[in-house]
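# Structural features, examined
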Amino acid sequence: MAPRSTAASKLPVLTLAERADRHELYQLAVNAPEDNIDFIQEIYRGMRGRAPRTLKEDFCGTALMAVAWAKRSPLNRAIGVDFDAPTLEWGKRHNVSPAGPAVARRVELVQGDVLEDSPHRADVVAALNFSYYLLTTRRQLVAYFANALRCLRPGGLFVLDCIGGTEAVADFEEERDCGDFSYIWAQRSFNPLDHSSECSISFAFPDGSRLEPAFAYRWRMWTMPEIRDCLEEAGFSQVRIFWEYTAENGDAEYVEVATEQNQEIWLTYLVASP
């Protein structure tokens, strides 16, 4: 008698990369919503003497931070804005809905362009993970900053992050172990004439498979003086810079600075006031 064949034995074996969800991997490797919220709340309380309640997260992607903000307090509300409808839909299914109806009703996701006028007003507008680097002209950047200013409630703050250093203005690649996978950031074709780069995020797995690229971008490596000038041109009156240092326990600390030495890579928060 011939051996029986099963349908399961004929199914192809998928690699780890083929089974992976790129948005889930991005959240694990890149997003740090709790750290961002801790910083925002501490700075806001220190500057305004009260807790911020409404967050507008521009370039929100899967809205992980918006949901985390709403979870912090039943008084908190978040608006997430992103241009990409499929990414927002992923965020609704995997982040907003699982948070439960009490949180979900305080999170509003909007498919829209951050360069267009918005009716939403918030205590804090945030553009993190260097997302605004996708705006590659000065006119676009000033227009976006002006929109962010209009979206602030009285006493509101605009929070951004910034990356720089000698490696940030060159072709380079960084690989980081994330446990079950490796995160790979690559910056190619850096043009010193306009600071444009082709950037990508890839993921590598123990079975040798790769999700490459999982995300691809063309962005402009904005310098700190350019960003500060554009914020001033857009109407902000004060910009405070908080430089990232590493504490003895390995955690990140952010200290306000006026001068600092250049490094291979450095990270900062910028907090802009009307």
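This text goes with the structure placed above it.
The structure presented is a predicted model; accordingly, all values stated were derived computationally and were not measured.

### Section: the sheet that holds strand S8 (residues 196-204)
Read from one edge of the open sheet, four strands run S6-S7-S8-S9, paired in antiparallel fashion. The sheet is open, and its two edges are formed by strand S6 (172-177) and strand S9 (210-220), each paired on a single side. Looking at each pair of strands side by side, their axes are set apart by 15 degrees on average, direction ignored. In terms of strand pairing, S8 meets S9 through eight bridges, oriented antiparallel. The partner of Ala204 across the bridge, within S9, is Arg210. Contacting S6, strand S7 (182-191), S8 and S9, helix H3 (residues 22-29) crosses the sheet at an angle of about 70 degrees to S9.

### Considerations on the pattern of salt bridges
Summed over the entire model, instances satisfying the criterion amount to 10 salt bridges. With a shortest N-O distance of 2.9 Å, Arg138 and Glu233 are connected by a salt bridge. Of the two residues, Arg138 is situated in helix H8 (residues 138-150) and Glu233 in helix H9 (residues 224-234); the sequence distance between them amounts to 95 residues. Overall, the relative accessible area of 38% leaves Arg138 in the partly exposed class. The partner of Arg188 in a salt bridge is Glu173, with the nearest N and O atoms 2.7 Å apart. Here Glu173 lies in strand S6 and Arg188 lies in strand S7, a separation of 15 residues in the sequence. Judged by relative accessible area, which is 46%, Glu173 ranks as partly exposed. Salt bridges sharing common partners tie together Glu34, Asp38 and Arg72.

### Looking at the sheet that holds strand S2 (residues 77-82)
Either a parallel or an antiparallel arrangement is found when strands of a sheet pair, and the pairing is made through backbone hydrogen bonds. Spatially, S3-S2-S1-S4-S5-S12-S10-S11 is the arrangement adopted by the eight strands of the open sheet, whose pairing is mixed. The open sheet has two edge strands, strand S3 (107-111) and strand S11 (252-256), and neither has a second partner. Geometrically, the sheet is characterised by an average inter-axis angle of 20 degrees between neighbouring strands, direction not taken into account. With five bridges connecting them, strand S1 (residues 54-58) and S2 associate as parallel partners. Across the sheet, residue Lys56 finds its bridge partner in S2, namely Ile79. In the packing of H9 onto the sheet, the strands contacted are strand S5 (152-164), strand S10 (238-246) and strand S12 (266-273), and the crossing angle to S12 comes to about 10 degrees.

Rules of the game
Residues numbered from 1 in each chain as written. Predicted model: local features only at pLDDT ≥ 70, side-chain atom pairs only at ≥ 80, totals over all residues. Heavy atoms only, no water. Pairing = 2+ DSSP bridges. Helix = DSSP H or I, 4+ residues; strand = E, 2+ residues; numbered from the N terminus. Axes fitted to C-alpha atoms, helices over the stretch in contact; angles between N-to-C directions. Contact = heavy atoms within 4.5 Å. Salt bridge = Lys/Arg side-chain N within 4 Å of Asp/Glu carboxyl O. Buried < 20%, exposed > 50% of the residue type's maximum accessible area, 1.4 Å probe, protein only.

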